[in-house]
Amino acid sequence: FILMAAFFGSAPVAIDTTAGERERKSLEPLLVHPLTSMQIMLGKWFTVVLFGILATVISVVTTAGVMDFISLKSLGLDPKLTLAMQLNIILLLVPSALLAGGLQMLTSLFAKTFKEAQSYLGLLTFLPMAPVIATMIGGAKAADWMYFVPILGQQQLLTSVLRGESMDITHFVTASSITVLLALAIVVVLTKLLRSERVVYGA
């Protein structure tokens, strides 16, 4: 749930800034302003990402608070999220929020209506979880190649932090870099699409 918080938190804003604006006929007037397509798209993207990060922070802090009231000592477990662990989790999930915002905006931009975009994002939300679920069901052990797969790399790091282990800097840099680069590539694609009349008018 912590891993998917960014996807759930940014989805409504991603839809509203793309399919929602086009449906309200406010996207075309926005493009008339003396701003480049990249500036407009970056403004939208950062707004969407902000909500994803806020959702992630709320999820982490809430989970930590709930764990203070859970007692599993009879099972030999004492689940606690220290402040350091919470900060590490938020830090490693920021790239996921960047990717989530980009993917959701890209998907919503092809939807003709707000409701249609909601349907698309409902399916998209679970797409990044496919490799995670596959490795969990298959019982695959952590391997170096996993950190080259967006979301899966963050999941492996998240698991390590939740176990109370120190976060491997090399794996963190690898997973974060690839995820951020993919997110930036999606923003470039979004910027080019914003210059298309077919996309702006929803033809």
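Not measured: the values here are computed from a predicted model.

So, how was this worked out
- Residues numbered from 1 in each chain as written.
- Predicted model: local features only at pLDDT ≥ 70, side-chain atom pairs only at ≥ 80, totals over all residues.
- Heavy atoms only, no water.
- Helix = DSSP H or I, 4+ residues; strand = E, 2+ residues; numbered from the N terminus.
- Core = buried A, V, L, I, M, F, W, Y, C linked by side-chain atoms within 4.5 Å.
- Buried < 20%, exposed > 50% of the residue type's maximum accessible area, 1.4 Å probe, protein only.
- Contact = heavy atoms within 4.5 Å.
- Axes fitted to C-alpha atoms, helices over the stretch in contact; angles between N-to-C directions.
- Parallel < 35°, antiparallel > 145°, perpendicular 65-115°, else oblique.
- Left-handed = near helix turned anticlockwise from the far one by under 90°.
- Nonpolar A, V, L, I, M, F, W, Y, C, P; charged D, E, K, R; others polar.

(A) Focus on the environment of T113. Looking at the element boundaries, T113 is found in the loop between helix 4 (83-109) and helix 5 (114-124). C-alpha separation for the pair T113 and R163, spaced 50 residues apart in sequence, amounts to 43 Å.

(B) Structural context of unusual backbone geometry. A positive phi angle is found at K25, which is not glycine, with a value near 65 degrees. Within the secondary structure, K25 is located in the loop between helix 1 (5-23) and helix 2 (27-31). A positive phi angle, close to 75 degrees, is found at I151, a residue other than glycine. With respect to the secondary-structure elements, I151 resides in the loop between helix 6 (130-138) and helix 7 (152-162).

(C) Spotlight on the nonpolar core. Ranked by internal contacts, the top residues of the largest apolar core, which has 47 residues, are L3, W45, I89, L92, M105 and L157. Breaking this core down by element, the ones donating at least two residues are helix 1, helix 3 (37-67), helix 4, helix 7 and helix 8 (169-194). When residues of this core are assigned to their parent elements, the largest contribution, eleven residues, is made by helix 4. When neighbours within four sequence positions are excluded, L157 is seen to be in contact with L92, Y147, M167, D168, H171, F172 and A175. Counting seven residues, the second largest nonpolar core, distinct from the first, contains I15, A19, A117 and L121.

(D) Representation of the packing of helix 4 against helix 8 within the structure. It is the contact of helix 4 with helix 8, at a shortest axis distance of 9 Å, that shows an interaxial angle of 25 degrees. By the angle between their axes, helix 4 is roughly parallel relative to helix 8. Here the hand of the crossing between helix 4 and helix 8 comes out left-handed. Along its contact with helix 4, which presents L91, L92, P95, S96, L98, L99, G102, L103, M105, L106 and L109, the element helix 8 presents F172, S176, T179, V180, L182, A183, I186, V189, L190 and L193. Residues that form the contact of helix 4 with helix 8 fall into these classes: 17 nonpolar, four polar and no charged.

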